[in-house]
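The chain contents come next:
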Amino acid sequence: QVQLVESGGGSAQVGGSLTLSCVASGRIFSINAMGWHRQAPGKPREMVAGITSGGSTIYADSAKGRFTISGDNAKNTVYLQMNRLEAEDTAVYFCNAVRVLAEGEDYQELWGQGTLVTVSS
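Here the structure is a predicted model, which is why all the values come from computation and not from measurement.

J.: Help me out: how do you make sense of the state of the cysteines in this one?
T.: Here, the word disulfide means a covalent bond between the sulfur atoms of two cysteines. Following the criterion strictly, the structure yields 1 disulfide and no others. Put simply, Cys-22 and Cys-95 are joined by a disulfide, and their sulfur atoms are 2.0 Å apart. Residues Cys-22 and Cys-95 are joined through a disulfide that is left-handed, its torsion about the S-S bond being -80 degrees. Taken as a pair, Cys-22 in strand S3 (residues 18–25) and Cys-95 in strand S9 (residues 91–102) lie far apart in primary sequence, 73 residues in all.

Structure follows, in structure tokens:
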């Protein structure tokens, strides 16, 4: 069964950096795109950044200039480098994968369990 597992969350100070990783495990043939969303307490989940298998990227306005998404197709892994962190970046960060084809499985979208990022001054 295909699963997404995030890692790299934790605590950071305002102005600091963190890097999140997400690995899609399973007998995967292809993934069209992967991305990161986040959900702060009391707020709806929002897109942070996404990347296609071809390398095209998209960022939320709040992430532009501070966050960088990258991927490794061979490893079915996506990363989110977060710099100049702000207190408003505090949230649970979720990885997602779109259009996943795997042996005996076919998913339109998959989500990870999330990893908590806490930014404090």
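Still more ground to cover, so stick around.
J.: What is the right way to read the sheet that holds S3 from this model?
T.: With respect to topology, 4 strands assemble into an open sheet ordered S1-S3-S8-S7, the strand pairing being antiparallel. With partners counted over all chains shown, the strands left at the sheet margins are strand S1 (3–7) and strand S7 (67–72), one partner each. Taken pair by pair, the neighbouring strands of this sheet meet at an average axis angle of 15 degrees, ignoring direction. Relative to S3, S1 runs antiparallel, the two sharing 5 bridges. Among the inter-strand pairings, Gln-3 is bridged to a residue of S3, identified as Ser-25.

J.: Sorry, what's going on with the environment of Glu-105 here?
T.: Mapped onto the elements, Glu-105 comes out in strand S10 (residues 105–111). Distance from Glu-105 to Gly-26, taken between C-alpha atoms, is 9.7 Å for residues 79 residues apart in sequence. Dropping the residues within four chain positions of it, Glu-105 is found in contact with Gln-1, Val-2 and Val-100. In this structure the side chain of Glu-105 is engaged in a polar contact, spanning 3.2 Å, whose partner is the backbone nitrogen of Val-2. In terms of polar contacts, Glu-105 uses its side chain to reach the side chain of Tyr-107, at 2.2 Å.

J.: I tried to follow the environment of Gly-65 on my own but got confused; where do I start?
T.: Mapping Gly-65 onto the fold places it in the loop between strand S6 (57–59) and S7. Gly-65 gets classed as exposed once you look at its relative accessible area, which sits at 63%. C-alpha of Gly-65 to C-alpha of Arg-84: the two residues are 19 residues apart in sequence and 9.2 Å apart in space.

J.: Any chance you could explain the packing of aromatic side chains here in plain terms?
T.: How two aromatic rings sit relative to each other is given by the distance of their centres and the angle of their planes. Considering all chains together, one arrives at 0 aromatic pairs under this definition. The aromatic ring of Phe-94 is capped on one face by Arg-45, whose charged end is 3.7 Å from the ring centroid. Across the ring face of Trp-111, the terminal group of Arg-45 is positioned such that the distance to the ring centre comes to 4.7 Å.

The rules behind each value
Residues numbered from 1 in each chain as written. Predicted model: local features only at pLDDT ≥ 70, side-chain atom pairs only at ≥ 80, totals over all residues. Heavy atoms only, no water. Disulfide = S-S within 2.5 Å. Helix = DSSP H or I, 4+ residues; strand = E, 2+ residues; numbered from the N terminus. Pairing = 2+ DSSP bridges. Axes fitted to C-alpha atoms, helices over the stretch in contact; angles between N-to-C directions. Contact = heavy atoms within 4.5 Å. Polar contact = N/O pair within 3.5 Å; in protein donor to acceptor, adjacent residues only side chain to side chain. Buried < 20%, exposed > 50% of the residue type's maximum accessible area, 1.4 Å probe, protein only. Phe/Tyr/Trp six-rings, centres within 6.5 Å; stacked < 30°, edge-to-face > 60°. Lys NZ or Arg CZ within 6 Å of the ring centre and 35° of its normal.

Function-wise, these values are silent; they only describe arrangement.
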